[in-house]
Amino acid sequence: MTATYETLLVEREGPIGIISFNRPKALNALNAMMLRELTLALRELGEGADAVRAIILTGSGEKAFVAGADIAEMAPMGAWAGREFSQLGHIATALMEALPCAMIAAINGFALGGGLEMALACDLIYCSENARLGQPEVNLGVVPGFGGSQRLPRLLGKMRAKELLFTGDMIDAKKAHEIGLVLDVLPKDQLLAHCKNVAQKIATKGPLAIARVKQLVEHGADVPLRDANHQECDTFGLLFDTDDRREGMRAFVEKRPATFTRK
Ligand code: DAK
């Protein structure tokens, strides 16, 4: 790790990166510095020849993943500063969707407002039993600023999303699982280990295949089915010309695990 971070803990364990939002006294509320550092950390871990295969996002301390955007920092903002702040969140979340590695949210407590929006930009979301999730922006007289009004309805359907967006209610882990907002609910002390296991499993798969299937899902959601299927067809063909595809199929025939080289 080369960069130093004031608002994040950034670790690397082999093929896995772990980014912890690290302002526990303010329940890891997202300020502008944290959003800038997040973009930097995502690039440091997720880009380049030695990029990790999965990045886990979680929160430092006992209580929170992220309890929203920093209200004290937002309070004095005018229209232009508000837009710039929103832009910082959009840059980080768009990057999460564009990176070739898997993004995993490990929600270990409050995930509110901007916090839930960070998780919504991840590929997979798991939470602990004590998690509380919500989009309480309307309580403050604003709308979500980091993509929540768009990603939440795409994930849950319009009506479920509107219920959360209109009421500002916090829901518990059980309810979040029931409505499909999280994949699984884990005991608090097992959440990170579970996410690392999922990340390790992904790290054994073809890296080019993971990058491309993520891209197909992300791009496919925005285009007509016929065009999306066309993209799949092209990608399938393209991957046939890679060392990893040859190795993957050879390894199956030879009954051994594949060794992928990202080539
Ligand atoms: N911002 C700043 N500080 C926060 C915070 C937040 N979002 N959440 C908690 N804190 C601070 C508290 O002020 C307190 O600080 P001290 O008083 O100790 O100095 C400390 O964290 C501990 O919090 P509590 O004492 O309140 O802890 P409790 O366990 O009693 O309550 C809570 C936990 C999560 C229920 C409560 O802290 C809470 O309601 N927090 C606020 C939740 C919330 O409303 N979050 C904001 C969501 S709205 C946009 C850009 C972005 C956004 C919108 C628009 N544009 C640019 C247009 C995004 C908005 C949001 O994220």
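If you're wondering where the values come from, they're calculated on a predicted model, not measured in any experiment.

Asker: Looking at this structure, how should I read the site of the ligand?
Answerer: Close to the ligand lie 25 residues; K63, A67, A69, G82 and G114 are nearest. Contacts to the ligand include A67, whose backbone N or O atom sits 2.9 Å from a nitrogen atom. Between the ligand and G114 there is a distance of 2.8 Å, counted from an oxygen atom to a backbone nitrogen or oxygen. Taken by itself the ligand offers 1100 Å² of open surface, and the protein chains cover 63% of this. Per-element tally for the shell around the ligand: the top contributor is helix α3 (residues 79–98), with three residues. For the shell around the ligand, the class distribution of residues is 15 nonpolar, six polar and four charged.

Asker: Got a minute to help me understand the pattern of salt bridges in this structure?
Answerer: Two side chains that carry opposite charge are able to pair once their charged atoms sit near each other. As enumerated under the stated definition, the model contains 11 salt bridges in all. Residues K188 and E62 are paired through a salt bridge, measuring 2.7 Å at the closest nitrogen-oxygen approach. Of this pair, K188 sits in the loop between β10 (184–186) and α8 (191–203) while E62 sits in the loop between β3 (54–59) and β4 (64–66), and the two are 126 residues apart along the sequence. Residue classification places K188 among the partly exposed positions, given a relative accessible area of 38%. Through salt bridges with shared partners, a single ionic network connects E247, R250, E254 and R256.

Asker: Teacher, can you tell me more about the packing of helix α9 (residues 207–220) against helix α10 (residues 225–239) here?
Answerer: Geometry of a packed helix pair, given as the angle between the helix axes and the separation of the axes. At a closest axis distance of 10 Å, the pairing of α9 and α10 adopts a crossing angle of 170 degrees. As the angle between them shows, α9 and α10 are arranged roughly antiparallel. Residues L208, A209, R212, L216, H219 and G220 of α9 pack against A228, Q231, E232, T235, L238 and L239 of α10. Here the contact of α9 with α10 is composed, by residue class, of six nonpolar, four polar and two charged.

Asker: Can you walk me through the pairing of strand β2 (residues 16–21) in this structure?
Answerer: The two faces of the sheet receive side chains in turn, since in a regular strand these alternate between them. Taking burial as the measure, the six residues of β2 include six buried ones, the bulk of the element. Residues of β2 alternate between two faces, with I16, I18 and S20 on one and G17, I19 and F21 on the opposite face, all of them buried. Counting the residues in the hairpin turn of strand β1 (residues 8–13) and β2 gives two residues, including G14, whose phi is positive at 60 degrees. As paired elements, β2 and β3 share six bridges and run parallel to each other. Note on β3: the bridge partner recorded for S20 is T58. The β-α-β motif built from β2, the intervening helix α1 (residues 32–46) and the parallel element β3 has right-handed crossover chirality.

Asker: How do you make sense of unusual backbone geometry when you look at a structure like this?
Answerer: Note on backbone geometry: most residues besides glycine have negative phi, and most peptide bonds are trans. Here L27, not a glycine, exhibits a phi torsion of approximately 50 degrees, which is positive. Structurally, L27 is set in the loop between β2 and α1. A relative accessible area of 24% means that L27 is categorised as partly exposed. Although it is not a glycine, K255 adopts a positive phi angle of roughly 55 degrees. Relative to the elements of secondary structure, K255 occurs in the segment after α11 (243–253). On the basis of relative accessibility, which here comes to 77%, the residue K255 falls in the exposed class.

Asker: Sorry if this is basic, but what is going on with the packing of aromatic side chains here?
Answerer: Where two aromatic rings form a pair, the distance of their centres and the angle of their planes describe that pair. In the structure shown here, the tally under the stated rule is three aromatic pairs. Aromatic side chains F21 and F65 sit 5.6 Å apart centroid to centroid with 80 degrees between the ring planes, which places their arrangement in the edge-to-face category. Of the two residues, F21 is situated in strand β2 and F65 in strand β4; the sequence distance between them amounts to 44 residues. Ring geometry for F85 versus F146: centroids 5.5 Å apart, planes at 70 degrees, classification edge-to-face. One end of the pair, F85, is in helix α3; the other, F146, is in the loop between β8 (132–134) and α5 (148–156), and 61 residues separate them in sequence.

Reading the values: the criteria
Residues numbered from 1 in each chain as written. Predicted model: local features only at pLDDT ≥ 70, side-chain atom pairs only at ≥ 80, totals over all residues. Heavy atoms only, no water. Near = heavy atom within 4 Å. Polar contact = N/O pair within 3.5 Å; in protein donor to acceptor, adjacent residues only side chain to side chain. Areas by Shrake-Rupley, 256 points an atom, 1.4 Å probe, with all protein chains shown as cover. Helix = DSSP H or I, 4+ residues; strand = E, 2+ residues; numbered from the N terminus. Nonpolar A, V, L, I, M, F, W, Y, C, P; charged D, E, K, R; others polar. Salt bridge = Lys/Arg side-chain N within 4 Å of Asp/Glu carboxyl O. Buried < 20%, exposed > 50% of the residue type's maximum accessible area, 1.4 Å probe, protein only. Axes fitted to C-alpha atoms, helices over the stretch in contact; angles between N-to-C directions. Parallel < 35°, antiparallel > 145°, perpendicular 65-115°, else oblique. Contact = heavy atoms within 4.5 Å. Pairing = 2+ DSSP bridges. Right-handed = clockwise from strand over helix to strand, strands pointing away. Phe/Tyr/Trp six-rings, centres within 6.5 Å; stacked < 30°, edge-to-face > 60°.

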